Amino acid sequence: MIIIGKSYGDIAKTVKLAGSTVHTIIKNFNLTNLTNNKPRSGRHKKISPRDIRTIVRKVALNPKISALKLSDRVRKEIIRRVLRSKGFHGRVSRKKLLIFQQNRRNRLEFVNEY
């Protein structure tokens, strides 16, 4: 469009973007002949958000599953770190004991007494 002779403002209205955005895109295209964004600095994540959701879902269904069984491509420490950040810790709640017949009678007597 810039070749046709339209201004940045006209192009911005056509594509519904800010004029400064249009200017930056055209400037980058003139420099690199690409419209893609440049790669960002910083270390890449070892595990994707999709993998994190999958791990959290598996642990929610089976809290006793080990990190070793969950890890197929990444180290188990990374899986543990992800689970801790999502509120899962290396603890499993204790099983509730059965209420035997004698205990049930004792409890009923106690409740009725008070």
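This write-up is about the structure you can find in this document. (Residues numbered from 1 in each chain as written. Predicted model: local features only at pLDDT ≥ 70, side-chain atom pairs only at ≥ 80, totals over all residues. Heavy atoms only, no water.)

Focus: unusual backbone geometry
At step 1: The phi dihedral of Lys-16 is positive, around 60°, even though this residue is not glycine.
At step 2: On the accessibility criterion, Lys-16 (74% relative accessible area) is exposed.
At step 3: Here the phi dihedral of Asn-33 falls at roughly 60°; this positive angle occurs in a residue that is not glycine.
At step 4: With respect to the helices and strands, the residue Asn-33 is situated in the loop between helix H2 (19-32) and helix H3 (49-61). (Buried < 20%, exposed > 50% of the residue type's maximum accessible area, 1.4 Å probe, protein only. Helix = DSSP H or I, 4+ residues; strand = E, 2+ residues; numbered from the N terminus.)

Notes on the environment of Gly-87
At step 1: Along the chain, Gly-87 turns up in the loop between helix H5 (76-85) and helix H6 (101-113).
At step 2: C-alpha of Gly-87 to C-alpha of Val-56: the two residues are 31 residues apart in sequence and 9.6 Å apart in space.

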